[in-house]
Amino acid sequence: MGVTIERDAFCAGAKEGGHEVVRFATAKLNVHPCIGCYYCRENDGRCIYDDDMSQIYPHLLTADVIVLVTPVYYFNITAQLKGTIDRFFSVNSVLRDNPKKLFLIAACTDKDKWAMDALKANYYAMCHYLHWQEGGMVLAFGASTRKDVENSECKKMAKNLAAQL
Ligand SMILES: Cc1cc2nc3c(=O)[nH]c(=O)nc-3n(C[C@H](O)[C@H](O)[C@H](O)COP(=O)(O)O)c2cc1C
């Protein structure tokens, strides 16, 4: 997995800087997609689904920094990550009142810069809507294999970005 090289470099930089790092693998979690039922609006931000989001919420609400890590699937973040972000909806108002820094780490096969335009637009929109600071992005283009990322500047960039937290 190429993007995990960037992720591990970021985590290593953050830990070296004395920060606590908590990771969630959205592809391995049981997170039901938001169905827009608005149950949360009537129930103090509690979602109708009691699933693995219960592991994520406490950290999501208290973390100073959120890092989205994803391979590019059809010019966007993976469905698993999107499904998890959609579930932020139930705690939107708390998130919007709690300043955080957001980072984006991604990898794709394409070498053309436009291949990640949708991801970037999504990232900027999230920062704007949630009132979170743009921490930065590490985007690996032309990354089909682990070796491609290993040999790119992205590994160093990810570590340096985390060192500035
Ligand atoms: C379902 C699927 C969709 C993909 N869509 C794109 C795409 O739209 N653009 C692209 O450049 N690469 C695409 N790829 C390739 C991956 O983004 C690329 O191999 C990436 O480096 C994988 O990272 P990973 O090895 O960490 O999983 C796709 C791969 C899969 C499996």
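Residues numbered from 1 in each chain as written. Predicted model: local features only at pLDDT ≥ 70, side-chain atom pairs only at ≥ 80, totals over all residues. Heavy atoms only, no water.

You'll find the protein chain entered in an unreviewed UniProt entry as NADPH-dependent FMN reductase, with Natronincola peptidivorans given as the organism.

**What about the sheet that holds strand 2 (residues 101-107)?**
Strand pairing in a sheet relies on backbone hydrogen bonds. The paired strands run either parallel or antiparallel. Strands sit in the order 1-2-3 across an open sheet of three strands; the sheet is parallel. With one partner strand each, in any of the chains shown, strand 1 (65-71) and strand 3 (133-140) form the two edges of the open sheet. Averaged over neighbouring strand pairs, the angle between their axes works out to 10 degrees when direction is ignored. Relative to strand 3, strand 2 is paired through seven bridges, and the arrangement is parallel. Note on strand 3: the bridge partner recorded for K101 is Q133. (Pairing = 2+ DSSP bridges. Helix = DSSP H or I, 4+ residues; strand = E, 2+ residues; numbered from the N terminus. Axes fitted to C-alpha atoms, helices over the stretch in contact; angles between N-to-C directions.)

**A short note on helix 1 (residues 3-16)**
The first and last C-alpha atoms of helix 1 sit 20 Å apart over 14 residues, in line with the 20 Å expected at 1.5 Å per residue. Residues of helix 1 that are buried in the fold lie against strand 1, strand 2, strand 3, helix 7 (146-150) and helix 8 (154-163). Immediately downstream of helix 1, the backbone of G18 shows phi near 85 degrees, a positive value. (Expected span 1.5 Å × (residues − 1). Contact = heavy atoms within 4.5 Å.)

**Some thoughts on the nonpolar core**
Counting residues in each nonpolar core, the largest one holds 30 residues, and the members touching the most others are L60, L68, L102 and W132. Broken down by secondary-structure element, the contributors of at least two residues to this core are helix 3 (53-62), strand 1, helix 4 (79-86), strand 2, helix 6 (117-130) and strand 3. The element that contributes the greatest number of residues to this core is helix 6, accounting for five residues. L102 has contacts with I66, L68, Y123, M126, C127, W132, Q133, E134, G135 and G136, leaving out every residue within four places of it along the chain. Core analysis: the next-biggest nonpolar cluster, separate from the first, contains 16 residues, A14, V149, A158 and L161 among them. (Core = buried A, V, L, I, M, F, W, Y, C linked by side-chain atoms within 4.5 Å. Buried < 20%, exposed > 50% of the residue type's maximum accessible area, 1.4 Å probe, protein only.)

**Considerations on the environment of T26**
Counting through the fold element by element, T26 comes out in the loop between helix 1 and helix 2 (39-42). Between the C-alpha atom of T26 and that of L130, which follows or precedes it by 104 residues, the distance is 21 Å. Filtering out sequence-adjacent residues up to four positions away, T26 remains in contact with Q80, L81 and T84.

**Some remarks on the packing of aromatic side chains**
Within the structure shown, the criterion is met by five aromatic pairs. Three or more aromatic residues joined by ring pairs form one cluster here, namely Y74, F75 and W114. One Lys or Arg, R96, reaches over the ring of Y129 and ends 4.1 Å from the middle of that ring. (Phe/Tyr/Trp six-rings, centres within 6.5 Å; stacked < 30°, edge-to-face > 60°. Lys NZ or Arg CZ within 6 Å of the ring centre and 35° of its normal.)

**With respect to the site of the ligand**
Within the structure, the ligand sits among 13 residues, and G2, V3, V72, D110 and A143 are positioned closest to it. Between an oxygen atom of the ligand and a main-chain N or O atom of G2, the distance comes to 2.8 Å. Taking V3, its main chain carries an N or O atom lying 2.8 Å from an oxygen atom of the ligand. Computed on the free molecule, the ligand has an accessible area of 650 Å², of which 72% lies beneath the protein chains in the complex. Looking at the shell around the ligand residue by residue, the class counts come to ten nonpolar, two polar and one charged. (Near = heavy atom within 4 Å. Polar contact = N/O pair within 3.5 Å; in protein donor to acceptor, adjacent residues only side chain to side chain. Areas by Shrake-Rupley, 256 points an atom, 1.4 Å probe, with all protein chains shown as cover. Nonpolar A, V, L, I, M, F, W, Y, C, P; charged D, E, K, R; others polar.)

**Section: the pairing of strand 1**
What you see with strand 1 is a clean split: I66, L68 and T70 sit on the buried side and V65, V67, V69 and P71 on the side with no burial. Pairing analysis gives seven bridges linking strand 1 to strand 2, with the strands arranged parallel. Within strand 2, the residue paired with V69 across the bridge is I105.

**Section: a nonpolar patch on the surface**
On the surface, Y74, F75 and W114 cluster together into a nonpolar patch covering about 440 Å² of accessible area. Relative to the helices and strands, Y74 resides in the loop between strand 1 and helix 4. (Patch = residues over 30% accessible without salt bridge, like charges linked within 9 Å, V, L, I, M, F, W, Y side chains within 5 Å. Salt bridge = Lys/Arg side-chain N within 4 Å of Asp/Glu carboxyl O.)

**Section: the UniProt feature "domain: NADPH-dependent FMN reductase-like" (unreviewed entry) in the protein chain**
With numbering aligned to this structure, UniProt lists the feature "domain: NADPH-dependent FMN reductase-like" (unreviewed entry) at residues 13-99. End-to-end, the C-alpha atoms of residues 13-99 are 22 Å apart, and along that stretch the chain is 36% helix and 8% strand. (UniProt positions renumbered as here; feature names shortened; annotations may be inferred.)

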